[in-house]
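Structural features, examined
Here's the letter readout for the chains.
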Amino acid sequence: MRGGSGSEEDSGVAACAGLQPREWLTSAGEALEAFTRHHAPSQAELFLAAERRLSFEYDAGTARSIVNQGETLDAMARVSWDARQGMLTAPVGEAGALPLLLERTARQATSGRASPLPALPAQSDSPSVSNPPPLQPERAARRMKHFIETAVPPGSVVQAALLTQVSTWRALVRANGARRARTEWREELFVRCETPRGAVVDAVAFPETAADDTVIVPLRHRLAEAVDALTGPAESLDRDLPLVLRPAVAAPLAAGLIWLLRGDVAAATPALARAVGRKVFPSVLSVVDDPNRPTGTRRVSMDDEGLSTDTLSLVDAGVLRGFLHASDTASRLGAPLNGRGFRTTLSPPTPEAVNPSLVPGEIAVLPAHYTELVARVETFTTMPRPGTVTLVAGGWEVRDGRRVRRIAPVELELPVLETFRALRGVGTDLTFFPTAEGCGTPTLVFPPLLSGAQGGQTAR
């Protein structure tokens, strides 16, 4: 990786690790053709990933920002025969490294039958060969300045603020001549604010065409409400009241549900896998993964296995419709492919959502009295045990529609399936959170769930 510091005037790296996409696609095809002539594998592919990354970090102590940016180019080879398979990843600096990577993969192949590579649908257009979009340090600096000047709640301390830009180009090349390529751009702002009762961490994603205030103003409102809820006199909660989780608090729970709807989790949980087609949840719950939602955190038209990422219904009015699948998990469960196979650090494709969300509903009437949790206090992990979400949150006791007293942060330990089976209502205020795996959720309403919760001031 090549990286370094920059200034607000930097225009971004001009090329990504020397990448010329059309030449790399051609070189990958030639390398695979030569390899298959000499080794005759049953299947072979190369996966190329070029990435530009910029981080713009605000230092509260000096009120200045530090810019770092870098670029990488990596390749993964996957080859198999009837009784052997091999997979290897390596950074590459020139096209001549691709034949060597294939040879090394063949030498390191071990016994075992590989899952068949998914068939790719016919494609009339040539794959995209444009470079990853250039980094934009000037825009990052402007947005960070705008956030610091307008969105930091009075009386709070910003311990850290980080704006990242990640630009990627990914390409899949098969020995049979099939080629797929895509680019992706992500820009996100993370912030950590200190309050008298602990730190609050929040984040937003900037769609490519969004105006700054369209994204920053909602973050400003959430931070202000969190600081207000966590500052001032507070009392223990009434455990007999229904529970209303506003989006910032509901997000880890929603992310836990999306995790349960991954094909690899279902494959390891036979009872869950057998529940497809059954009504598992209340009718108020629907879950979709919609890559085209304009307020989502990502824009991806194709997964890393070359398949289209069409809108996917996971839960429909309480009925479990299916799971997120890579080709491996789809094969294991006998399910259709749905374009959710993504590679993390160029590992084999695993199931991953794109823009998952709980579908907004309409809460006709909130309970007369309830506990409203609006601020999540930072914790080191939200799922210390699989299937159980732990979070610490503060807010208000509401009587007849009025906030009457603050509630000191309470620790919630919520088994995901059982908690969502008790869901009573879903709001209209859908919000996406990069801090919760990009998951989106509206307000969620539950019956009293806190019989096992630990109330009172959280130790810090």
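Residues numbered from 1 in each chain as written. Predicted model: local features only at pLDDT ≥ 70, side-chain atom pairs only at ≥ 80, totals over all residues. Heavy atoms only, no water.

**Thoughts on the packing of aromatic side chains**
- Following the criterion strictly, the structure yields one aromatic pair and no others.
- Taken together, a centroid distance of 6.3 Å and an interplanar angle of 70° make the contact between Phe420 and Phe446 edge-to-face. One end of the pair, Phe420, is in helix 9 (residues 416–421); the other, Phe446, is in strand 22 (residues 444–446), and 26 residues separate them in sequence. For the pair Phe420 and Phe446, one class covers both residues: buried.
- If you follow Arg84 out to its NZ or CZ, it ends over the ring of Trp81, 4.3 Å from the centre.
- Stacked on the ring of Phe47, the Lys or Arg Arg343 has its end atom at 4.1 Å from the ring centre. (Phe/Tyr/Trp six-rings, centres within 6.5 Å; stacked < 30°, edge-to-face > 60°. Helix = DSSP H or I, 4+ residues; strand = E, 2+ residues; numbered from the N terminus. Buried < 20%, exposed > 50% of the residue type's maximum accessible area, 1.4 Å probe, protein only. Lys NZ or Arg CZ within 6 Å of the ring centre and 35° of its normal.)

**Focus on the layout of surface pockets**
- Reported here for the largest pocket is a volume of approximately 1300 Å³.
- Taken together, 47 residues make up the lining of the largest pocket; nearest its centre are Arg186, Glu352, Pro434, Glu437 and Gly438.
- Elements that contribute at least two residues to the lining of the largest pocket include exactly strand 2 (43–59), strand 6 (157–174), strand 7 (179–195), helix 5 (247–260), strand 14 (350–351) and strand 16 (369–377).
- Broken down by class, the residue content of the lining of the largest pocket amounts to 20 nonpolar, 12 polar and 15 charged. (1 Å grid on protein atoms, 1.4 Å probe; cavity = no way out; pocket = protein on both sides within 12 Å on 5 of 7 lines; lining within 4 Å. Points joined across faces, edges and corners; volume = space filled by probe spheres on them. Nonpolar A, V, L, I, M, F, W, Y, C, P; charged D, E, K, R; others polar.)

**As for empty space enclosed by the protein**
- Under the criterion given, the structure shown has two cavities of 30 Å³ or more.
- When its volume is computed, the largest cavity comes out at roughly 120 Å³.
- Residue lining of the largest cavity: 14 residues in total, with Val200, Val201, Asp202, Ala248 and Arg376 positioned closest to the centre.
- Listing elements by their share of the lining of the largest cavity, those giving two or more residues are strand 8 (198–205), helix 4 (212–229), helix 5 and strand 16.

**Observations concerning the sheet that holds strand 16**
- Read from one edge of the open sheet, six strands run 18-17-16-9-22-19, paired in mixed fashion. A single partner strand is all that each edge strand has here, and the edge strands are strand 18 (402–415) and strand 19 (425–426).
- Summarising the sheet, strand 9 (residues 243–245) and strand 22 pair through three bridges and their orientation is antiparallel. Bridging across to strand 22, Val244 finds its partner in Val445. (Pairing = 2+ DSSP bridges.)

**Quick look at the confidence of the model for the protein chain**
- Chain-level statistics for the protein chain give a pLDDT mean of 88 and a share of 91% at 70 or above.
- Predicted confidence for residues 1–14 stays below pLDDT 50, and this span has 35 contacts to residues more than four positions away or in other chains.
- Between residues 452–460, whose pLDDT stays under 50, and residues either more than four places distant or in other chains, the model counts 24 contacts. (pLDDT = per-residue confidence, 0-100. Contact = heavy atoms within 4.5 Å.)

**So, the pattern of salt bridges**
- Inspection of every chain in the model, using the stated rule, returns 31 salt bridges.
- With a closest N to O distance of 2.7 Å, Glu187 and Arg139 form a salt bridge. One end of the pair, Glu187, is in strand 7; the other, Arg139, is in helix 3 (residues 137–150), and 48 residues separate them in sequence.
- A relative accessible area of 2% places Glu187 in the buried class.
- Under the relative-accessibility criterion, Arg139 is labelled buried at 14%.
- The partner of Glu397 in a salt bridge is Arg405, and the shortest N-O contact between them spans 2.4 Å.
- Glu397 gets classed as buried once you look at its relative accessible area, which sits at 5%.
- Through salt bridges with shared partners, a single ionic network connects Arg170, Arg182, Glu184, Arg298, Asp304 and Glu352. (Salt bridge = Lys/Arg side-chain N within 4 Å of Asp/Glu carboxyl O.)

**What about helix 1 (residues 21–39)?**
- If you check helix 1, its first and last C-alpha atoms are 27 Å apart, about what 19 residues at 1.5 Å a residue would give, namely 27 Å.
- Of the residues making up helix 1, those classed as buried are Pro21, Trp24, Leu25, Ser27, Ala28, Ala31, Leu32 and Phe35. Here the buried residues of helix 1 occupy an arc of 165° about the axis, which is enough to place them on one side. In helix 1, the exposed positions that point more than 90 degrees away from the buried face belong to Arg22, Glu23 and Arg37. (Expected span 1.5 Å × (residues − 1). Arc of directions from axis to C-beta.)

**Re the side chain of His325**
- Along the chain, His325 falls in the loop between strand 12 (319–320) and helix 8 (327–333).
- For His325, a relative accessible area of 4% translates into the label buried.
- One polar contact links His325 to Thr329, side chain to side chain, over a distance of 2.9 Å.
- Those residues in contact with His325 that sit more than four places away from it in its chain are Gly263, Ala330, Leu333, Ala335, Pro336, Asn338, Gly339, Arg340, Gly341 and Pro351. (Polar contact = N/O pair within 3.5 Å; in protein donor to acceptor, adjacent residues only side chain to side chain.)

**Describing the packing of helix 1 against helix 2 (residues 97–107)**
- Where helix 1 meets helix 2, the closest approach of the two axes is 9 Å, and the angle between their N-to-C directions is 40°. Judged on the interaxial angle alone, helix 2 and helix 1 are oblique. Note that helix 1 runs across helix 2; the crossing there is right-handed. Residue-level contacts link Trp24, Ser27, Ala28, Ala31, Leu32, Phe35 and His39 of helix 1 to Leu98, Pro99, Leu102, Glu103 and Ala106 of helix 2.
- Considered class by class, the residues forming the contact of helix 1 with helix 2 number nine nonpolar, two polar and one charged. (Axes fitted to C-alpha atoms, helices over the stretch in contact; angles between N-to-C directions. Parallel < 35°, antiparallel > 145°, perpendicular 65-115°, else oblique. Left-handed = near helix turned anticlockwise from the far one by under 90°.)

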